[in-house]
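Examining the three-dimensional arrangement
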Amino acid sequence: MRSLREAFGQFATGVAVITTVTADGERAGVTVNSFTSVSLDPPLVLWCLSNRAPSAPLFLRSGRFAVNVLAADQDHLSRRFATPSTDKFAGVELLGAPLPILAGTLASFVCRTERVHDGGDHHIFVGAVERYQRAEGEPLVFHSGRYREFWPELTIGEGRVASRA
């Protein structure tokens, strides 16, 4: 299993925090790197959540979620929402309601849960995007078990092109 996890980890991903709130006001948030767009017409996204995650019942019950795409300087939010806690939202600046939207993200997508598929030891959530926003900036990148810096530009020196990553 460890070897397979390490092989999967060779695929660099962005990092997002998925948030939700139930009808009775109970909030949940989780860090994921499984977020992806599915379709532009209609606008659909997907993400995956472990069946064993304590927040899984809340996400299944709420019928809505928000995807918060983290910026390069938001690794503290990634760690916070990846760690079990009684209130992951304490002290976190939020925008919008009723769904918790994290401030300072590169993009956020407010979604209605369209479908949930069985994916082995995970739930696969497909969401219909109802609204979104975006900002400029560099993404938080995860590769091979750790956060990485993203360098979109190449530097030229001594007659060769070298990547800064």
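This one's a predicted model, so the numbers in the text were calculated from it and none came from an experiment.

This part covers the overall build of the protein chain. Across its full length, the protein chain carries three helices and 14 strands. Per-residue burial over the protein chain gives 36% buried out of 165 residues. Expressed as a percentage of contacts within the protein chain between residues at least 6 apart in sequence, the contacts between residues at least 24 apart total 62%. Accessible area for the protein chain stands at about 10,100 Å²; split by element, carbon and sulfur atoms hold 54% of it.

Taken as a whole, this structure holds eight aromatic pairs when the rule is applied. Here the aromatic rings of Trp47 and Phe65 are separated by 5.7 Å at their centres, their planes lie at 65°, and the arrangement is edge-to-face. Of this pair, Trp47 sits in strand E5 (residues 43–50) while Phe65 sits in strand E6 (residues 64–69), and the two are 18 residues apart along the sequence. This pair shows no difference in class: Trp47 is buried, exactly as Phe65 is.

Here the focus is the pattern of salt bridges. One pass over the full model with this rule turns up seven salt bridges. Measuring nitrogen to oxygen at the nearest pair gives 2.7 Å for the salt bridge that ties Arg64 to Glu130. Within this pair, whereas Arg64 is found in strand E6, its partner Glu130 is found in strand E10 (residues 122–134), the two being separated by 66 residues in sequence. Taking the shortest distance from any N to any O, the salt bridge between Asp75 and Arg79 comes out at 2.4 Å.

Okay, the pairing of E10 next. Bridging between E5 and E10 involves seven bridges; their strand directions are antiparallel. Bridging from a neighbouring strand, Ser50 pairs with His122 of E10. As paired elements, strand E9 (residues 107–119) and E10 share twelve bridges and run antiparallel to each other. Looking across to E10, one finds that Val116 is bridged to Phe125.

Every α-helix winds through 3.6 residues per turn, so residues three or four apart in the chain are directed the same way. Those residues of helix H3 (residues 75–82) that sit buried are Leu77, Ser78 and Phe81. Looking straight down H3, one finds its buried side chains confined to an arc of 105°; they lie on one side.

For the rest of this paragraph, the subject is the nonpolar core. Core analysis: the biggest nonpolar cluster contains 22 residues, and Ile18, Trp47, Leu49, Phe59 and Phe65 have the highest contact counts within it. For this core, the elements supplying multiple residues, two or more each, are strand E2 (16–21), strand E3 (27–32), E5, helix H2 (56–62), E6, E9 and E10. In this structure, Phe81, Phe89, Val92 and Leu140 belong to the second largest nonpolar core, which totals nine residues.

Another aspect to go through is the pairing of E3. The pairing of E2 with E3 spans six bridges and is classified as antiparallel. Bridging from a neighbouring strand, Val17 pairs with Thr31 of E3. In this structure, the hairpin formed by E2 and E3 is closed by a connection of five residues, where Gly25 is found at a positive phi of approximately 90°.

Another point: the sheet that holds E6. Across the sheet, which stays open at both edges, the seven strands sit in the order E3-E2-E6-E9-E10-E5-E4 with antiparallel pairing between neighbours. With one partner strand each, in any of the chains shown, E3 and strand E4 (36–40) form the two edges of the open sheet. Pairwise comparison of adjacent strand axes, ignoring direction, gives a mean angle of 30° for this sheet. With four bridges connecting them, E4 and E5 associate as antiparallel partners. When the sheet's bridge partners are listed, Thr36 is paired in E5 with Leu46. In the packing of H3 onto the sheet, contacts are made with E2 and E3, and the angle to E3 comes to roughly 115°.

When pLDDT is averaged along the protein chain, the result is 87; 84% of the residues meet or exceed 70. This model gives residues 159–165 a pLDDT under 50, and the stretch forms ten contacts once residues within four places in sequence are excluded.

What counts and how
- Residues numbered from 1 in each chain as written.
- Predicted model: local features only at pLDDT ≥ 70, side-chain atom pairs only at ≥ 80, totals over all residues.
- Heavy atoms only, no water.
- Helix = DSSP H or I, 4+ residues; strand = E, 2+ residues; numbered from the N terminus.
- Buried < 20%, exposed > 50% of the residue type's maximum accessible area, 1.4 Å probe, protein only.
- Contact = heavy atoms within 4.5 Å.
- Areas by Shrake-Rupley, 256 points an atom, 1.4 Å probe, with all protein chains shown as cover.
- Phe/Tyr/Trp six-rings, centres within 6.5 Å; stacked < 30°, edge-to-face > 60°.
- Salt bridge = Lys/Arg side-chain N within 4 Å of Asp/Glu carboxyl O.
- Pairing = 2+ DSSP bridges.
- Arc of directions from axis to C-beta.
- Core = buried A, V, L, I, M, F, W, Y, C linked by side-chain atoms within 4.5 Å.
- Axes fitted to C-alpha atoms, helices over the stretch in contact; angles between N-to-C directions.
- pLDDT = per-residue confidence, 0-100.

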